[in-house]
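Chain and residue survey
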Amino acid sequence: DAGVTQSPTHLIKTRGQQVTLRCSPKSGHDTVSWYQQALGQGPQFIFQYYEEEERQRGNFPDRFSGHQFPNYSSELNVNALLLGDSALYLCASSLELAGPYNEQFFGPGTRLTVL
Amino acid sequence: AQSVTQLDSQVPVFEEAPVELRCNYSSSVSVYLFWYVQYPNQGLQLLLKYLSGSTLVKGINGFEAEFNKSQTSFHLRKPSVHISDTAEYFCAVSESNNNDMRFGAGTRLTVKP
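My aim in this report is to walk through the structure given alongside it, one point at a time. Here the structure is a predicted model, which means the values were calculated and not measured.

1. Considering the overall build of chain B
Across its full length, chain B carries zero helices and twelve strands. Counting helices and strands in the order they occur from the N terminus, chain B gives β-β-β-β-β-β-β-β-β-β-β-β. Its C-alpha atoms give chain B a radius of gyration of 13 Å, within 12% of the compact-globule value 13 Å for 113 residues. Structurally, chain B occupies a C-alpha span of about 45 × 30 × 20 Å along its principal axes.

2. Quick look at the pairing of strand 11 (residues 110-114) of chain A
All names here are of chain A. Side-chain alternation along strand 11 places Thr 110, Leu 112 and Val 114 on a buried face and Arg 111 and Thr 113 on a face that remains uncovered. For strand 2 (residues 10-13) and strand 11, the ladder comprises four bridges, and the chain directions are parallel. By the bridge assignment for strand 11, Ile 12 is matched with Thr 113. Strand direction decides the pairing type here: strand 9 (residues 87-94) and strand 11, joined by three bridges, are antiparallel. Each bridged residue has a counterpart across the sheet, and for Ala 87 the counterpart in strand 11 is Leu 112.

3. Observations concerning the sheet that holds strand 7 (residues 64-68) of chain A
Residues and elements named next belong to chain A. Taken together, four strands build an open sheet; the order of strands is 1-3-8-7 and the sheet is antiparallel. Lying at the two open borders of the sheet, with one neighbouring strand each, are strand 1 (5-7) and strand 7. On average, adjacent strands in this sheet sit at an angle of 20° to one another, irrespective of strand direction. Where strand 1 lies against strand 3 (residues 19-24), three bridges are found, and the strand directions are antiparallel. Along strand 3, the bridge assignment pairs Gln 6 with Cys 23.

4. Brief notes about the pattern of salt bridges
Going through the model one piece at a time under the given rule, you end up with eleven salt bridges over all chains. One salt bridge in this structure joins Arg 55 of chain A and Glu 96 of chain A, with 2.9 Å as the shortest N-O distance. Of this pair, Arg 55 of chain A sits in strand 6 (residues 53-57) while Glu 96 of chain A sits in the loop between strand 9 and strand 10 (105-106), and the two are 41 residues apart along the sequence. The exposure class assigned to Arg 55 of chain A is partly exposed, which follows from its relative accessible area of 32%. Residue Arg 77 of chain B is joined to Glu 20 of chain B by a salt bridge in which the shortest nitrogen-to-oxygen separation is 2.9 Å. Linking Arg 77 of chain B in strand 9 (residues 73-78) with Glu 20 of chain B in strand 3 (residues 19-21), this pair joins segments that are 57 residues apart in sequence.

5. Quick word on the layout of surface pockets
Counted as a void, the largest pocket has a volume near 440 Å³. Forming the boundary of the largest pocket are 20 residues, of which Gln 37, Leu 88 and Arg 111 of chain A together with Gln 38 and Asn 41 of chain B lie nearest the centre. When grouped by side-chain class, the residues that make up the lining of the largest pocket number eight nonpolar, nine polar and three charged.

Cut-offs applied
Residues numbered from 1 in each chain as written. Chains lettered and ligands numbered in written order. Predicted model: local features only at pLDDT ≥ 70, side-chain atom pairs only at ≥ 80, totals over all residues. Heavy atoms only, no water. Helix = DSSP H or I, 4+ residues; strand = E, 2+ residues; numbered from the N terminus. Rg over C-alpha atoms; globule rule 2.2 N^0.38 Å. Buried < 20%, exposed > 50% of the residue type's maximum accessible area, 1.4 Å probe, protein only. Pairing = 2+ DSSP bridges. Axes fitted to C-alpha atoms, helices over the stretch in contact; angles between N-to-C directions. Salt bridge = Lys/Arg side-chain N within 4 Å of Asp/Glu carboxyl O. 1 Å grid on protein atoms, 1.4 Å probe; cavity = no way out; pocket = protein on both sides within 12 Å on 5 of 7 lines; lining within 4 Å. Points joined across faces, edges and corners; volume = space filled by probe spheres on them. Nonpolar A, V, L, I, M, F, W, Y, C, P; charged D, E, K, R; others polar.

Next up, the structure:
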(Lines give C-alpha, C1' and ligand atoms only; values in the text may rest on other atoms or scores of the structure.)
Protein backbone atom coordinates (compact mmCIF):
# COMPACT_ATOMS: atom_id res chain seq x y z
CA ASP A 1 0.00 0.00 0.00
CA ALA A 2 1.68 3.22 -1.19
CA GLY A 3 -0.27 5.47 1.15
CA VAL A 4 -1.07 9.02 0.11
CA THR A 5 1.23 10.34 -2.61
CA GLN A 6 1.69 13.91 -3.78
CA SER A 7 3.45 15.50 -6.74
CA PRO A 8 5.58 17.37 -7.29
CA THR A 9 7.71 17.39 -4.14
CA HIS A 10 8.93 20.94 -4.65
CA LEU A 11 7.82 23.75 -6.93
CA ILE A 12 9.04 27.28 -7.57
CA LYS A 13 6.76 29.82 -9.23
CA THR A 14 6.66 33.60 -9.65
CA ARG A 15 3.93 35.98 -8.58
CA GLY A 16 0.89 35.97 -10.83
CA GLN A 17 1.48 32.48 -12.16
CA GLN A 18 -0.83 29.52 -11.75
CA VAL A 19 0.02 26.15 -10.17
CA THR A 20 -1.51 22.67 -10.04
CA LEU A 21 -0.69 20.18 -7.29
CA ARG A 22 -1.70 16.55 -7.41
CA CYS A 23 -2.69 13.94 -4.86
CA SER A 24 -3.39 10.21 -5.02
CA PRO A 25 -5.28 8.94 -1.98
CA LYS A 26 -4.51 5.85 0.03
CA SER A 27 -5.88 2.72 -1.59
CA GLY A 28 -9.60 2.32 -0.82
CA HIS A 29 -10.12 5.91 0.29
CA ASP A 30 -12.72 8.10 -1.41
CA THR A 31 -12.38 11.48 0.30
CA VAL A 32 -9.56 13.99 -0.15
CA SER A 33 -8.83 17.09 1.91
CA TRP A 34 -6.25 19.79 1.22
CA TYR A 35 -4.37 21.84 3.80
CA GLN A 36 -1.93 24.76 3.63
CA GLN A 37 0.89 24.79 6.17
CA ALA A 38 2.83 28.04 6.29
CA LEU A 39 6.30 27.99 7.81
CA GLY A 40 6.10 27.64 11.60
CA GLN A 41 2.33 27.19 11.59
CA GLY A 42 -0.13 24.36 11.83
CA PRO A 43 -2.00 23.16 8.76
CA GLN A 44 -5.07 25.17 7.68
CA PHE A 45 -8.03 23.47 6.01
CA ILE A 46 -8.57 24.57 2.40
CA PHE A 47 -11.35 22.24 1.22
CA GLN A 48 -12.56 18.66 1.04
CA TYR A 49 -13.70 16.66 -1.97
CA TYR A 50 -16.07 13.70 -1.97
CA GLU A 51 -17.89 12.16 -4.92
CA GLU A 52 -16.11 14.59 -7.23
CA GLU A 53 -17.63 17.62 -5.52
CA GLU A 54 -16.32 20.20 -3.07
CA ARG A 55 -18.11 19.31 0.14
CA GLN A 56 -16.69 21.85 2.56
CA ARG A 57 -14.38 24.84 2.29
CA GLY A 58 -12.20 26.72 4.73
CA ASN A 59 -11.44 30.43 4.73
CA PHE A 60 -9.55 30.60 1.43
CA PRO A 61 -10.25 32.85 -1.59
CA ASP A 62 -11.64 31.64 -4.90
CA ARG A 63 -8.10 31.65 -6.33
CA PHE A 64 -7.88 28.26 -4.67
CA SER A 65 -9.87 25.63 -6.53
CA GLY A 66 -9.81 21.90 -6.83
CA HIS A 67 -11.03 18.85 -8.59
CA GLN A 68 -11.58 15.20 -7.78
CA PHE A 69 -11.46 12.57 -10.49
CA PRO A 70 -13.49 9.32 -10.75
CA ASN A 71 -10.47 7.37 -9.43
CA TYR A 72 -10.60 9.61 -6.29
CA SER A 73 -7.33 11.39 -7.05
CA SER A 74 -7.41 15.14 -6.69
CA GLU A 75 -5.84 18.37 -7.88
CA LEU A 76 -5.39 21.69 -6.12
CA ASN A 77 -5.15 24.74 -8.38
CA VAL A 78 -4.00 28.16 -7.26
CA ASN A 79 -4.34 31.13 -9.62
CA ALA A 80 -2.66 34.55 -9.51
CA LEU A 81 -0.03 33.40 -7.03
CA LEU A 82 0.97 35.72 -4.21
CA LEU A 83 4.14 35.65 -2.13
CA GLY A 84 1.97 34.64 0.82
CA ASP A 85 0.95 31.43 -0.95
CA SER A 86 4.42 30.02 -0.26
CA ALA A 87 3.79 27.03 2.00
CA LEU A 88 3.73 23.26 2.32
CA TYR A 89 0.51 21.93 0.80
CA LEU A 90 -0.71 18.73 2.39
CA CYS A 91 -3.22 16.28 1.02
CA ALA A 92 -5.09 13.90 3.32
CA SER A 93 -7.36 11.04 2.37
CA SER A 94 -10.05 9.19 4.31
CA LEU A 95 -12.90 6.73 3.86
CA GLU A 96 -16.35 8.25 4.14
CA LEU A 97 -17.96 5.18 5.67
CA ALA A 98 -15.15 4.33 8.13
CA GLY A 99 -17.16 5.02 11.28
CA PRO A 100 -17.94 7.85 13.72
CA TYR A 101 -14.88 9.69 12.52
CA ASN A 102 -13.11 8.99 9.29
CA GLU A 103 -9.39 9.17 10.12
CA GLN A 104 -7.30 11.20 7.72
CA PHE A 105 -3.99 9.92 6.36
CA PHE A 106 -1.57 12.61 5.22
CA GLY A 107 0.82 12.70 2.30
CA PRO A 108 4.36 14.14 2.52
CA GLY A 109 3.28 17.44 0.98
CA THR A 110 4.33 19.71 -1.87
CA ARG A 111 6.60 22.62 -0.96
CA LEU A 112 5.55 25.66 -3.04
CA THR A 113 7.81 28.69 -3.17
CA VAL A 114 6.52 31.88 -4.81
CA LEU A 115 9.18 34.43 -5.82
CA ALA B 1 -16.14 27.45 15.07
CA GLN B 2 -13.65 25.35 16.93
CA SER B 3 -10.11 26.50 17.74
CA VAL B 4 -6.96 25.04 19.28
CA THR B 5 -4.22 26.60 21.40
CA GLN B 6 -0.93 24.86 22.00
CA LEU B 7 0.53 26.59 25.00
CA ASP B 8 4.21 25.92 24.34
CA SER B 9 5.92 26.62 21.02
CA GLN B 10 9.11 24.81 22.08
CA VAL B 11 9.79 22.17 24.71
CA PRO B 12 13.40 21.08 25.32
CA VAL B 13 13.86 17.99 27.46
CA PHE B 14 16.62 15.52 28.28
CA GLU B 15 16.51 11.93 27.10
CA GLU B 16 14.57 9.56 29.41
CA ALA B 17 12.80 12.46 31.14
CA PRO B 18 9.00 12.73 31.15
CA VAL B 19 7.29 15.29 28.93
CA GLU B 20 3.88 16.95 28.67
CA LEU B 21 2.76 18.96 25.65
CA ARG B 22 -0.24 21.12 26.43
CA CYS B 23 -3.31 21.66 24.26
CA ASN B 24 -6.53 23.57 24.94
CA TYR B 25 -9.50 23.81 22.62
CA SER B 26 -12.73 25.73 22.32
CA SER B 27 -15.97 24.55 20.77
CA SER B 28 -19.69 24.86 21.39
CA VAL B 29 -20.46 21.30 20.30
CA SER B 30 -19.02 17.85 20.90
CA VAL B 31 -15.56 17.33 19.44
CA TYR B 32 -13.05 14.79 18.31
CA LEU B 33 -9.44 15.44 19.40
CA PHE B 34 -6.15 14.38 17.85
CA TRP B 35 -2.40 14.57 18.25
CA TYR B 36 -0.20 14.34 15.16
CA VAL B 37 3.58 14.21 14.84
CA GLN B 38 5.55 15.68 11.95
CA TYR B 39 9.16 14.73 11.34
CA PRO B 40 11.33 16.98 9.12
CA ASN B 41 10.28 16.98 5.47
CA GLN B 42 7.43 14.57 6.11
CA GLY B 43 3.66 14.69 6.37
CA LEU B 44 1.64 14.28 9.53
CA GLN B 45 1.34 10.96 11.35
CA LEU B 46 -1.49 10.28 13.77
CA LEU B 47 -0.27 9.58 17.33
CA LEU B 48 -3.65 9.14 18.99
CA LYS B 49 -7.26 10.29 18.94
CA TYR B 50 -10.19 10.79 21.27
CA LEU B 51 -13.62 10.11 19.79
CA SER B 52 -15.65 9.06 22.85
CA GLY B 53 -15.52 6.79 25.88
CA SER B 54 -12.49 6.57 28.17
CA THR B 55 -10.85 9.94 28.65
CA LEU B 56 -7.35 8.41 28.80
CA VAL B 57 -6.19 7.56 25.32
CA LYS B 58 -3.10 5.56 24.49
CA GLY B 59 -1.32 5.96 21.19
CA ILE B 60 1.75 4.86 19.31
CA ASN B 61 5.37 5.23 20.45
CA GLY B 62 4.40 5.21 24.15
CA PHE B 63 2.39 8.46 24.05
CA GLU B 64 -0.90 8.99 25.85
CA ALA B 65 -3.32 11.89 26.29
CA GLU B 66 -6.15 12.73 28.64
CA PHE B 67 -9.35 14.46 27.58
CA ASN B 68 -10.58 16.89 30.23
CA LYS B 69 -13.94 18.32 29.23
CA SER B 70 -14.26 20.73 32.16
CA GLN B 71 -10.86 22.27 31.38
CA THR B 72 -11.25 21.84 27.60
CA SER B 73 -7.80 20.31 27.46
CA PHE B 74 -6.15 17.38 25.73
CA HIS B 75 -2.55 17.27 26.97
CA LEU B 76 -0.06 14.79 25.49
CA ARG B 77 2.33 12.90 27.78
CA LYS B 78 5.15 10.42 27.59
CA PRO B 79 6.87 9.05 30.73
CA SER B 80 10.32 8.67 29.15
CA VAL B 81 11.35 10.31 25.86
CA HIS B 82 13.94 9.21 23.33
CA ILE B 83 16.13 11.18 20.95
CA SER B 84 13.94 9.88 18.13
CA ASP B 85 10.91 11.71 19.59
CA THR B 86 12.41 15.01 18.44
CA ALA B 87 9.77 16.42 16.07
CA GLU B 88 6.91 18.89 15.72
CA TYR B 89 3.68 17.91 17.47
CA PHE B 90 0.25 19.22 16.49
CA CYS B 91 -2.98 19.09 18.42
CA ALA B 92 -6.15 19.16 16.30
CA VAL B 93 -9.89 19.35 16.89
CA SER B 94 -12.78 18.41 14.66
CA GLU B 95 -16.39 19.15 15.51
CA SER B 96 -18.73 16.20 15.18
CA ASN B 97 -20.93 18.02 12.65
CA ASN B 98 -18.36 19.19 10.10
CA ASN B 99 -15.25 18.13 8.20
CA ASP B 100 -13.09 21.16 9.03
CA MET B 101 -10.21 19.99 11.22
CA ARG B 102 -8.47 22.83 13.08
CA PHE B 103 -4.83 22.52 14.07
CA GLY B 104 -2.80 24.28 16.70
CA ALA B 105 0.39 26.14 15.79
CA GLY B 106 2.51 23.20 16.91
CA THR B 107 5.03 22.42 19.66
CA ARG B 108 8.61 21.62 18.75
CA LEU B 109 9.88 18.89 21.07
CA THR B 110 13.66 18.67 21.23
CA VAL B 111 15.14 15.74 23.13
CA LYS B 112 18.73 16.27 24.21
CA PRO B 113 21.22 13.54 25.16
